[in-house]
Amino acid sequence: MSQTLSAVKGMNDLLPGEIEIWQHVEGLARELFGRYGYGEIRTPMLEDTALFVRSVGEETDIVGKEMYTFDDKAGRSLSLRPEGTAPAARAYIEHSILNQEPLTRWFYTGPMFRYERMKTGRYRQFYQVGAEAYGSKEPAQDVEVMDMVAQFLQKLGLQDIALNLNSLGDETCRPAYHAKLVEYLQAHIEELCTDCHRRMEKNPLRVLDCKNPTCQAVASKGPNVLEFLCEPCKAHFDDVQRKLTALDIKYVVNPRMVRGLDYYTRTVFEFIASHPALGTASTVGGGGRYDKLVKSLGGPDVPAVGFACGLDRLVLLLKESQQKFGATPDLFIAVADAGSHDVAFTLASRLRREGLRVDFDTRGGSLKSQMKRSDKSGARFTLVLGELERTSGQAKLKQMAGGEPIPVALDDIARTVRAHSAAPRADATGVS
RNA sequence: GCGGCCAUAGCUCAACUGGUUAGAGCGCUGGACUGUGACUCCAGAGGUUGCCGGUUCGACCCCGGUUGGCCGCCCCA
């Protein structure tokens, strides 16, 4: 096709036929997170660049080379948000939320932006749904968040998703582990790949999840974070595991799982799907605790824990699952002769005002072509309106899926359609 | 950012070693059936073969560049 204008690389249009899946996922998130007491927030897509540098970390790939950053006309450096936790924390501080309530639960959904190499399930404008809980340092808060994600994924009908769990310690115990790890890695430096040499400078923890077999061998014999946890951190981690078990949530402890953002403390987790459609993009959700983030951004010393799920990847999985989403018309009104067009048009509007989903072809056309449109629309009933119906005031509801036509008076259509619907229409979210 | 594969109709794909008007299925539109969809049959519309340049008498095919997509690395959701 001729390439005149097209969407920016890595940014996609979502059209009817696919958008229904997105609406289903977002609707489920709203309904489910609401049950857990999380209120929705919307923050700007553009933030001061410094926000991400100070929270996500200057040395991370996200900030170092993946942000869409530019100067506005006043010379301010702005960036399209690459993730949602930092903007939420900024808003939490800016509106002095802690002074109004000691425990705050928020969720958000929307686009994020990272300038990265394109792959399946990985785009430059991608979508996340995430949540943040501020004010509780209790293990129960960590588990509440993980439980919520687990429920979310389960209700989407997704199978084969594993929860990986780890603890990175806090400012008391992490330095000792960090030092020990660097010391160990230095001693084995000649066995590590060149990437890992670079990682040792920037973020030694990342060596732990290097995919290179030799590096993995080195890492597996190195110091284990969990053995370095101080007493409070260890107690916290143990309690998290006890509570997960009490909620019957399956997990595996993975002491070599680290996350890409600098702000995590103590609990970190990832939900990993094993479906071939995702390729290497198998992480569908992740999160953890970040007790120092709010303070480091100039706010109060308030603990927090949260997560984010990649909607693009969830939608990819749902497409594979062959499930159908979205509502179809209750009724299609077809016109038998041009003289009935105006009456049919008015009738369609009246029925819509009465709450029915009604399809009608404003162009008219042959009855046959209108029947074809009705069939394709997935309408439950078709009503043919012609001179016969207009004069008698009586019509028939043809059942498109098969069965005898149902006689109906023209002024009693809405009630009859509802009476013959197999089941009450599902609410917007389809949540059961 | 590095390495490899790919690009033909709206979609999935054909087109002999470079040879003349680039085909099919699905989808779309109309008809067979002048008031009844899906099945069947018939017809029609739809392409600068991603784009730019080169080699050649001649390029969908060969070469270079470019854009876009896919896979691996990196990283992440």
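Only a predicted model underlies this, so the values are computations on that prediction, with no experimental measurement involved.

### As for the overall build of chain A
The secondary structure content of chain A amounts to 16 helices and 16 strands. Its C-alpha atoms give chain A a radius of gyration of 28 Å, clearly above 22 Å, the size a compact globule of 432 residues would have. Counting only C-alpha atoms and orienting by the principal axes, one finds that chain A spans roughly 95 × 55 × 45 Å. Out of the 432 residues in chain A, the part that is buried amounts to 48%. Partitioning the intrachain contacts of chain A with sequence separation of at least 6 by distance along the chain shows that 71% fall at a separation of at least 24. Looking at chain A as shown, the accessible area adds up to about 21900 Å², and 51% of this sits on carbon and sulfur atoms. Across chain A, the 55 positively charged side chains and the 56 negatively charged ones have centroids separated by 4 Å.

### Some words on the packing of aromatic side chains
In this description, an aromatic ring pair is defined by two values, namely the gap between the centres and the angle between the planes. Taken as a whole, this structure holds 14 aromatic pairs when the rule is applied. The interplanar angle of 70° and the centroid separation of 5.6 Å between the aromatic rings of Tyr-68 and Tyr-115 together place this pair among those described as edge-to-face. Linking Tyr-68 in the loop between α3 (61-65) and β3 (69-71) with Tyr-115 in the loop between β5 (104-113) and β6 (125-134), this pair joins segments that are 47 residues apart in sequence. On the accessibility criterion, Tyr-115 (45% relative accessible area) is partly exposed. On the basis of an interplanar angle of 75° and a centroid distance of 6.0 Å, the ring pair of Tyr-92 and Trp-106 is categorised as edge-to-face. Note that Tyr-92 is positioned in helix α4 (residues 85-94) and Trp-106 in strand β5, a separation of 14 residues in sequence. Like Tyr-92, the residue Trp-106 is buried in the burial classification.

### Here we look at the sheet that holds β5
Here eight strands make up an open sheet; going across it, the order is β1-β5-β6-β11-β10-β9-β7-β8 and the pairing mixed. The outermost strands of the open sheet, each flanked by one partner alone, are β1 (39-40) and β8 (252-253). Pairing of β5 with β6, which is carried by 10 bridges, proceeds in the antiparallel orientation. Its bridge partner being in β6, Thr-104 is matched across the sheet by Tyr-134. α4 contacts β5 and β6 of the sheet and is inclined by roughly 45° relative to β6. Helix α12 (residues 311-320) contacts β5, β6, β9 (265-273), β10 (283-289) and β11 (304-310) of the sheet and is inclined by roughly 45° relative to β11.

### Things to note about the domain arrangement of chain A
Domain boundaries in chain A define domain 1 (19-173 + 229-320) and domain 2 (331-419). Computed from C-alpha coordinates alone, the two centres of domain 1 and domain 2 are separated by 49 Å.

### Observations concerning the environment of Pro-175
Tracing the sequence through the fold places Pro-175 in helix α6 (residues 174-187). Of the residues examined, Pro-175 reaches a relative accessible area of 47% and is grouped as partly exposed. When the C-alpha atoms of Pro-175 and Phe-228 are compared, they prove to be 9.7 Å apart, with 53 residues separating the residues in sequence.

### What about the sheet that holds β3?
Strands sit in the order β2-β4-β3 across an open sheet of three strands; the sheet is antiparallel. Only two strands of the sheet have a single neighbouring strand rather than two, namely β2 (46-48) and β3. On average, adjacent strands in this sheet sit at an angle of 35° to one another, irrespective of strand direction. Bridge count for β2 against strand β4 (residues 77-80) is three bridges, and the pairing is antiparallel. Considered in β4, the bridge of Leu-46 is made with Leu-80.

### Some details on the pairing of β5
A regular strand places its side chains so that they alternate between the two faces of the sheet. Counting buried positions along β5 gives eight out of 10 residues, so the element sits mostly inside the fold. Looking at chain direction, β1 and β5 are connected through two bridges and run parallel. Counted as the bridge partner of Glu-40 is Phe-107 from β5.

### Notes on α4
With seven of 10 residues buried, α4 is to be regarded as a mostly interior element. Turning to α4, its buried residues are Thr-85, Ala-86, Pro-87, Ala-88, Ala-89, Ala-91 and Tyr-92. Those residues of α4 that are buried lie in contact with β2, α2 (49-55), β5, β6 and α11 (293-296). Looking at the residues trailing α4, positive phi occurs at Ser-96, about 45°.

### Considerations on the pairing of strand β14 (residues 381-385)
For β14, the tally of buried residues reaches four of five residues, placing the bulk of the element in the interior. Note: strand β12 (residues 331-335) against β14, five bridges, orientation parallel. Looking at the pairing, Phe-332 lines up with Thr-382 of β14. Here three bridges tie β14 to strand β15 (residues 394-399), and the two strands are oriented antiparallel to one another.

Quick notes on the rules
Numbers given for residues are sequential positions, taken from 1 along each chain in its written order. Naming scheme: in the order in which they are written, chains are lettered from A and ligands are numbered from 1. Only residues with pLDDT of 70 or above have their local features reported here, since the model is predicted, and side-chain atom pairs are shown and tallied only from 80 upward, although totals for entire chains, interfaces and linings are computed over all residues. The side-chain figures draw on all heavy atoms in the structure; neither hydrogens nor water molecules are used. Helix and strand assignments come from DSSP, with helices taken as H or I runs of at least 4 residues and strands as E runs of at least 2, each series counted from the N terminus. Here the globule rule reads 2.2 Å times residues to the power 0.38, and the radius of gyration is calculated from C-alpha atoms. The buried label goes to any residue with under 20% of its type's maximum accessible area, the exposed label to any with over 50%, and the partly exposed label to all in between, with areas taken from a 1.4 Å probe on protein chains only. In what follows, a contact means two residues having at least one pair of non-hydrogen atoms within 4.5 Å. Reported accessibility uses the Shrake-Rupley method at a 1.4 Å probe radius. Residues are deemed covered only where the shown protein chains occlude them. None of His or the chain ends enter the tally, which takes Lys and Arg as positive and Asp and Glu as negative. The atoms used to mark charge sites are NZ of Lys, CZ of Arg, CG of Asp and CD of Glu. Two rings from Phe, Tyr or Trp (for Trp, the six-membered ring) form a pair when their centres are within 6.5 Å of each other. A pair whose planes differ by under 30 degrees is stacked, one over 60 is edge-to-face, and the rest are tilted. A pair of strands is labelled paired if DSSP reports no fewer than 2 bridges between them. All axes here are fitted lines through C-alpha atoms, helices being fitted over the stretch that makes contact, and every angle between N-to-C directions spans 0 to 180 degrees. In this document the domain limits rely on a domain assignment from an automatic tool or a database.

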